Each structure stands twice: as structure tokens, then as C-alpha cells.
Amino acid sequence: MVEVKLEVFRGADHEGKPHYEKFTLDLPETTPILTALLKVRTDIDPSLTMRYSCRQAICGSCAMKVNGKSRLVCSTLVGPEIKTYGKIRIDPPGNMPILRDLVTDFSPFWERYLKVDPYLLEDPEHPNPKGQVTKMSPEQVDQFKETPRCIACGACYSGCPSVGEDPEYLGPMALAKAYRFVVDPRDHAYHRRLLKLQDKGLWLCLRCSLCIEACPKEVRPADRITDLKRLANQEIGPKESGSRHSAMFVTNIEDGGLLNEFKLARQSLGFFGIFGQIGKGFAMMRHGKSFMAHPIIHDLDSLRAIYVELNKKEDLKHRERPAGKGVKGEAPT
Amino acid sequence: MKVAYFPGCVAQESGKELDMATRAVAKVLDLELVEFPNFSCCGSGFIDETNEALNVAINARNLAIAEKAGIQTIMTVCSTCQGMLTHAKKVLAKDKIIKKRTDAALGKIGMKYSGTATPKHMLQLVVEDLGGAAKLKPLVKRPLKGLKVGAFYGCHLIRPHEIMEFDDPEYPHSFEDVIRALGAEPVMYRGRVMCCGFPIQFVKPLSGEKLAGRQILDAKRNGADAMATSCPLCHLSLDTYQKESGKAVGASLDMPVFHFPQLLGLAFGMDAKELGLPRHLVDTKSALEKLGAVKVPA
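The rules we used
- Residues numbered from 1 in each chain as written.
- Chains lettered and ligands numbered in written order.
- Predicted model: local features only at pLDDT ≥ 70, side-chain atom pairs only at ≥ 80, totals over all residues.
- Helix = DSSP H or I, 4+ residues; strand = E, 2+ residues; numbered from the N terminus.
- Buried ≥ 20, exposed ≤ 12 C-beta atoms within 10 Å, placed from the backbone.
- Contact = placed C-beta atoms within 7 Å.
- pLDDT = per-residue confidence, 0-100.
- Axes fitted to C-alpha atoms, helices over the stretch in contact; angles between N-to-C directions.
- Parallel < 35°, antiparallel > 145°, perpendicular 65-115°, else oblique.
- Left-handed = near helix turned anticlockwise from the far one by under 90°.
- Nonpolar A, V, L, I, M, F, W, Y, C, P; charged D, E, K, R; others polar.
- Core = buried A, V, L, I, M, F, W, Y, C linked by C-beta atoms within 7 Å.

Looking at the overall build of chain A
Right, so step 1: Across its full length, chain A carries 15 helices and 7 strands.
Right, so step 2: Once the C-alpha set of chain A is aligned to its principal axes, its extents read approximately 70 × 70 × 35 Å.
Right, so step 3: For chain A, buried positions account for 43% of its 333 residues.
Right, so step 4: Within chain A, contacts between residues separated by at least 24 positions form 68% of all contacts whose residues are at least 6 apart in sequence.

In C-alpha cells:
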């Protein structure tokens, strides 16, 4: 048994200011946090409001913040949390308006999801003949084996720092879903999808990997976003500052082996963009941070030889993408 | 201990003070830094977004350079370099297609990757290989008493956990252990494991600045006199762009931000100039004054 000190967020339409209410329970270490919260609701305060259903990480209803981390409370145990933090602070999921206590309005989450057309699309010029079956090879299925596991719990979205800062960013769940349809051979909108995705909605991912830690189903959203970025840069080409930054980084390193900070900033942001950053540049120079001069590595030829081997046009193709029909959006036969 | 020193791009360019401090404290820590001027950039995650195989191969080249010299540990001083080198190592261990292509590319330049060298961040070396707090304490000549320091890890050093296998991905303690050993008081705040916003400073500067501003505010609200980071990219966001970050979150910020080895150097009694502190955009004087009776040479 362990003494479980809970601090539970209470707020929104209650009387009084939002606050943390403290409860102390004696529970076995292997108790899920959800069970502890339900015990509070049954034995102490029936007004505690929260979402939950299956209690076994299938329904995806109980995403909350556990000591600041975005988690499903049904699959997070009290023991390790108490051992590490000494208490368990429960907050509602982040990046959404709070309705009451631990219940939030998921609308912004679903709005982003709908933006990526989360269903199979047909090519209007080559509609599928009626009754046609699209066969998939095991390799093709393997391309998106992780994403169908998503239970739309919103844990990744709730913990994403970029979603919180920028409404333009589509967020980890929506982008992982987008990837799933981009590589699905039954979908006939490969180019169209990537064209629509190739902007800041995709490129504002920070690669902080908090979504990988939050996801209870190992979808690894950050990895799927990187996959998507690669496909977008390959199929559409760089279109805005984010995709340009990534593409220019490749050639920047080829030039001298080490990053040429000034050149990259100029290439990514463009003339007008860099103009807006001029204040930063002058302040840096005043402190001796002369980023204009940059060293070049020895034996640069050996690095360039790797580029010759691996940076050909066909190398940019996604490695797991098997050559096959349907992959590029043409109607399968 | 003999290590291959991997300074990374920023410590050789705008963040030169990190390189200065690293060299200065290495002597005290008994670290022999073997230098390889042929080490290239780690790709910073950006090359991976365009060409996965190339990203792995350029890092395999870096790893192979150290291997050829018979050195087993590559010491990084940047969370991002550490992340990318480790990522490459993990991909090479499990992805046969990329391994084959990397081997072929390295073969053309007469190099071979065998996986015997391990990249380790300086923070990781201090806590795992150099004896941690117990070994640090006797080296401290000027305890950082009275200074409250908010550590800032930099995402790639701790996440994804199954790749990095270092500390806890969202509640680490290594940095705080070191801060305590140096005589300072660590400040716990959520922002220490969050993103500094650097990866999108060139995508949408305002959003990047907001992220940096939030983390600095979080440290400040939890009582930090100063921050210390293990990543020079975070340092650019937190120190170099602090003025803009403050504006982005509507706050006036004045938070000194140290690089990890600078904090060690201060405790080892080194002076501000030797550690490159005048190169910071946010004056570190307020933090140095907090050290109380200790007089710090300007």
C-alpha cells in the first residue's frame, strides 16, 4: 500500500476560483490513477467531473495531465508517480478549453483532424470501377502499421507545445492520420494531399518528441510527421520557410561540412524575412558572436562523396515506399 | 579519460563560448579531448526531414572517424548533436536497408562503421562515467551558494527515451544533481523539459520566441536566478533571442542563461572571461552577484 496524495484540478462552472483540491488515499501501488479518481468520486465527492469509459486504454476517453505529463489515467499507475513526485497532480488535457474539472471541449482537436480529410479519397478523373478490390502487399500495409492503432485520445495533442502556441499547426494526431492516408495504396489523392499539407501546418512540428512519450499506442506521431515532411519535400518541393529550411540545410552542409548560420537564415526566411531578424543579428555581433564567418571541415571531399552516393534524386524517395501500383495515386488495375 | 571531442556547429560559430568553457573545464575534469577537424555537422534533424539515408550516413562517417582512431567515447556538448548521433547509431543497428547503403557509401571513401564508439553528452559523462556528484564536490573551489538555477535539458538529450536511454524523458534529475553538487540550488519547473522553440525560429520566428519566453517565465516564476542549458541551440533561443522572446510573451525578461560547462567552470573558480560570459546577450552579472561574498573577477 502507498499513501496517494492527489491534487485534482477543480474549476470552470463551479462556484469560486479554479483551484487544486487535495485528497489522500491509501491504495496498492499498482492502482491505476483512474481508479483512484473514481474512488474519490464514489467515496468523497460525487461532483468530481471527468471523462472515462473502458478503463483499459482502448476507448481513449481519459487523457489528462499527470504531474504535467500528458497521459491516459487508466494506464498510468499511482506507485511510480508517488515514488518520483511524492504526489499526483491531475490537470485536464491541455490545449483545449476547460468545461468543468477534468472535462474539456475537444472541438479544436477534431477541427484539426477534419482538416486533413481523414478518409479515403477517389481520383475524380479515374474513379474506381464498381466492385473493384484493391489488393495490398504486406510491405504496403507495413508502411502505415502504426497509425491505425490511434484511439484519438488526444494525449499527444494535449501535450504538444507547438499546438499550444500556434493555431496554424495541425498537431501530432491529425498529421499522423494524414500520413496514414498519404501512404495508403487505396487512396488516390497522394499529390493532392501532400500539396495541401506542404505548409506551416506541417512544418511547425518542433521534433520535441513529447507526443512519442504521451502516445499510449506507440503511433510515434513525431516520426510520422518526419516521414510526411520527407514525402512532401520529395513530391511537392520546398514551398515555404519550414520546408525551405530543411531542404537548404542539406545543401548548406554539403558546402562546407558545418552549418553556415547566416546563409541558412537568409535562405530559409528570404530577403524580407531576414530583414525582420536584423535586430537579432546586430545584437549578436555586438557581443562578438560573428556568425558571418564559419569554419570549413577538413576532408570535405569524403563528406561530399557521401552526398554523391546518397543524395541523388531517387534517394529522396521514402525508403519503405515500395514501387507498386496505387502508390502514387493512379488507379490500381 | 580520453574522448573524441564533438563540438558541433554552434560551439564553433556563434556559440564559441561553449567551446571555450568546455576546454577550460575539461582540464579540471581530467578529460583528454582528442580533436577531429574532419567531423561534420550532425544534420540537426533537418537533413532527416529531407533525406533519411543521407542523415544517417553523415553521422556514421562521424562515428567511423572516432572508431578509426580507436576511441570509444565521443563527447558532445549539444543535446541535438547527441540526439542525432545516437539516432544514427540506433537506425544502423536495426535498419538493414539503410545500413547497407551507408556501408556502401562509406566504402567508397575507404571508411567503415562498426558501431564501437558511443556518443555521450558531457552532462551524461559527468554523471555516468566521471563519478557524478561525489567526484565533483572536491573540485569545487567556489561553491555556487545562494544561486537558484533552473536546468534546461534540450529535448533531444532525453527524448525519445527508447532511443536516448538517458535519465527520465519528462522528469530527469541528472542536471539538478550536478547543480546541487556545485553548491547551487536546483529549481524544479515543467519548462525544463519543454521545447525552447529553436527548431521553428526560422519557420515562424514569433512562435519560436513565444515558446522560449514561456520556458524562461516558468523558470522565473519558480524562483530561478539563472538558467543553465546542455544545448547551444536552446542557448540561442533562451539567451540570444531573450529580448524578442520577452516581447512575444509580454514580459520583460532578464534571465542569465549559462551553458552547462560554464556552470562547472564558475564552481571550479574560473573567471567570467575565460568562460566566455561576456559573449552572452543577457548580462550574467546579476547571477554572479547572487553568489554573495564571493567576488567574481570581471
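Description of the confidence of the model for chain A
Should the pLDDT be low somewhere, the predicted coordinates at that spot are not to be read in detail.
Right, so step 1: Averaged over every residue, the pLDDT of chain A is 89; the share at 70 or more is 92%.
Right, so step 2: Contacts from residues 318-333 of chain A, a stretch scored under 50 in pLDDT, to residues over four places away or in other chains number 37 contacts.

A few points about the packing of helix H7 (residues 172-182) of chain A against helix H8 (residues 190-197) of chain A
All names here are of chain A.
Right, so step 1: Orientation of H7 relative to H8, taken along the N-to-C sense of each, is 155 degrees, at an axis distance of 10 Å. Here H8 runs roughly antiparallel to H7, going by the angle between their axes. Between H7 and H8 lies a crossing of left-handed hand. For the pair H7 and H8, contact is made by Ala178, Phe181 and Val182 and by Tyr190, Arg193, Leu194 and Leu197, respectively.
Right, so step 2: For the contact of H7 with H8, a count of residues per class yields 6 nonpolar, no polar and 1 charged.

Section: the nonpolar core
Right, so step 1: Formed by 180 residues in total, the largest nonpolar core has its most connected members in Leu228 of chain A together with Val149, Leu182, Ala226 and Met227 of chain B.
Right, so step 2: If one sorts the elements of this core by residue count, helix H2 (residues 52-68) of chain B sits on top with 10 residues.
Right, so step 3: When sequence neighbours within four positions are dropped, the list of residues in contact with Met227 of chain B reads Val149, Gly150, Phe152, Ala219, Leu238, Met255 and Val257 of chain B.

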